[in-house]
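One letter stands for each residue in the lines below.
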Amino acid sequence: MSKKRLATVWLGGCSGCHMSFLDLDERLLDLAELADVCYTPIADVKEFPHNVDITLVEGAVANEDHLRDAKKIRERSGILVAFGDCAITGNVTALRNLFNVEDVLSRAYRDSMIVGGVPEGDGIVPKLLEKVLRLQDVVAVDYFLPGCPPPADVIFQFVVDLIGGKTPAVTGRKFGS
Amino acid sequence: MSVRTLEVDGRTITAMADQTIFSAAWDNGIRIPRLCHLGGLPDAAACRLCLVEIEGQKRLQSACTTKVAEDMVVRTDTPALQAHRKLIIELLFAERNHVCSVCVVNGACELQTLAAELGVDHIRMKPQYPKLPVDVSHHRFGIDHNRCILCTRCVRVCDSVEGAHTWDVAGRGRNSLIISDLGEPWGESASCTSCGKCVQVCPTGALFSKGKTVAEMRKDRSFLQYIVTAREKRLWIAERKPR
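Bear in mind that the values here come from a model prediction, so they are computed numbers and not experimental data.

A.B. asks: Describe the overall build of chain A, with residues and values.
C.D. replies: Each helix and strand in chain A was counted, giving 7 helices and 7 strands. Each helix and strand of chain A, ordered N terminal to C terminal, gives the series β-α-α-β-β-β-α-β-α-α-β-α-β-α. Over its C-alpha trace chain A gives a radius of gyration of 17 Å, about what one expects of a compact globule, namely 16 Å for 177 residues. A buried classification covers 38% of the 177 residues belonging to chain A. Within chain A, residue pairs in contact and separated by at least 24 positions form 82% of the contacts whose partners lie at least 6 positions apart.

Structure follows, in structure tokens:
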């Protein structure tokens, strides 16, 4: 039997979930034995591949690139996991939903003495969505792994269960914490 | 006081006639989930998490406000009740802006803990993102309405234990808001004694002590036990000396 193909993706999050993923330490080697890690921000792969068995998505959907990528990732993945609080609830990324997007940009760029203006033009920075969306708002999600971030031990058990074709036994995980 | 015998989750238990189902179950080690009940405070049945099934009754009843009865048969943890409770927790999360990761009580919040215990790993309904005020006009404490679940523990402890009745609920439904006095900033409240009991009984980070940052605040309710015990033993009633 060929190895399961595993991917991890970083959308609108702080990368903390991936830092926690890196905290697997030497278990990353065990994971590489169990699965073919075919796409992840910690490796230099440009294009999200086809036929991925399991994909962990960190972060909320905050801009047009995230929206496009989330849909592509969903199409190309068998099992999609909302990985961490931002993907699940919007979390810190969605704090800006209390304001309108123009005010947020003004606060960050126009009112700032350092930057002096919102960067504009194609291909410079992706346009922010009016509201930050949760992963489940834009694509079907198969599993949710709460935590800000989920601890490495939990990630490992969760992923190993999925690779083994089982429903993850991890339950009772808190948001935040 | 007479005794009642009833069945809770298949177990036969006895309770005093004036006890609630919640309290009788608690005495027998049966823990019914709740966010608004707190031992020592009068009950309000505000959170609806302690709803139980009583045989012969179509409607669910709140265990915290329903008295025990002879031969009553109560179920506290059926799949239907579990589903209801999950739904209630999700609605609470969707209704206001709960961001556990940046909250003062992250790791020690009753809402956060209960959500995990009930297996809530995502919120099915759309978050509402309401615009809500944060009042930090009080010199020692603050109230962040984004994190308030309207359990009214603060209202009840202020009224029935401290005797000040600074807090109350204004508005209805999703527009309900905890207010101090008649809606003045907390710091300008004439009735608030700054005792801090409301802060300690609050199940979430809605009421907090100033100077605490993310995950730093832990609520201390030992005063309530002390007050309830003293009240039951009538420690404050001076014994009248016989003339």
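Still to come is the rest of the account.
A.B. asks: Account for the domain arrangement of chain B, with residues named and values stated.
C.D. replies: Residues and elements named next belong to chain B. The domain boundaries assigned to chain B delineate domain 1 (3-76) and domain 2 (82-231). The C-alpha centroid of domain 2 is placed 24 Å from the C-alpha centroid of domain 1. Between domain 1 and domain 2, the contact holds 14 residues from the first and 20 residues from the second. A class-by-class count of the residues in the side of domain 1 that touches domain 2 yields 11 nonpolar, 2 polar and 1 charged.

A.B. asks: For the confidence of the model for chain B, give the residues involved together with the corresponding values.
C.D. replies: Overall, the predicted model of chain B reaches an average pLDDT of 95, with 97% of residues at or above 70. Interface confidence for the predicted complex, given as ipTM, is 0.93, next to a pTM of 0.94.

A.B. asks: Provide a residue-level description of the nonpolar core, including the pertinent values.
C.D. replies: Of all hydrophobic cores here, the largest spans 102 residues; its most connected members are Val57(A), Ala60(A), Ala82(A), Cys154(B), Cys198(B) and Leu207(B). For this core, the element with the highest residue contribution is helix H4 (residues 153-162) of chain B, accounting for 5 residues. Counting contributing residues per domain, this core is built from domain 1 (3-76) and domain 2 (82-231) of chain B, each supplying no fewer than three. Discounting chain neighbours no more than four positions away, the residues touching Ala60(A) are Leu11(A), Gly12(A), Gly13(A), Cys86(A), Ala87(A), Gly90(A), Asn91(A), Thr93(A), Ala94(A), Val132(A), Leu133(A) and Arg134(A).

A.B. asks: Which residues make up the pairing of strand S9 (residues 177-180) of chain B, and what values go with them?
C.D. replies: Residue and element names in this part refer to chain B. Judged from the 4 bridges that link them, strand S8 (residues 167-170) and S9 form a sheet pairing that is antiparallel. Residue pairing for S9: Asp168 is matched across the bridge by Ile179. What sits between S8 and S9 in their antiparallel hairpin is a turn of 6 residues, with Gly171 showing a positive phi close to 80°.

A.B. asks: How would you explain unusual backbone geometry if you had to name every residue and give the values?
C.D. replies: Cys148(A) connects to Pro149(A) through a cis peptide bond whose omega is -5°. By the secondary structure assignment, Pro149(A) is in the loop between strand S7 (143-145) and helix H7 (152-163). For Thr152(B), which is not a glycine, the phi torsion comes out positive at approximately 65°. Note that Thr152(B) resides in the loop between strand S7 (141-144) and H4. For His165(B), which is not a glycine, the phi torsion comes out positive at approximately 50°. Along the chain, the position of His165(B) falls in the loop between H4 and S8.

A.B. asks: Lay out the interface of chain B and chain A with the relevant residues and their values.
C.D. replies: How big an interface is tends to be reported as the loss of accessible area on association of its parts. On the chain A side, the residues contacting the 20 residues of chain B number 21 residues. Among the residues forming the side of chain B that touches chain A, the class breakdown is 9 nonpolar, 8 polar and 3 charged.

Cut-offs used in this document
- Residues numbered from 1 in each chain as written.
- Chains lettered and ligands numbered in written order.
- Predicted model: local features only at pLDDT ≥ 70, side-chain atom pairs only at ≥ 80, totals over all residues.
- Helix = DSSP H or I, 4+ residues; strand = E, 2+ residues; numbered from the N terminus.
- Rg over C-alpha atoms; globule rule 2.2 N^0.38 Å.
- Buried ≥ 20, exposed ≤ 12 C-beta atoms within 10 Å, placed from the backbone.
- Contact = placed C-beta atoms within 7 Å.
- Domains from an automatic or database assignment.
- Nonpolar A, V, L, I, M, F, W, Y, C, P; charged D, E, K, R; others polar.
- pLDDT = per-residue confidence, 0-100.
- Core = buried A, V, L, I, M, F, W, Y, C linked by C-beta atoms within 7 Å.
- Pairing = 2+ DSSP bridges.

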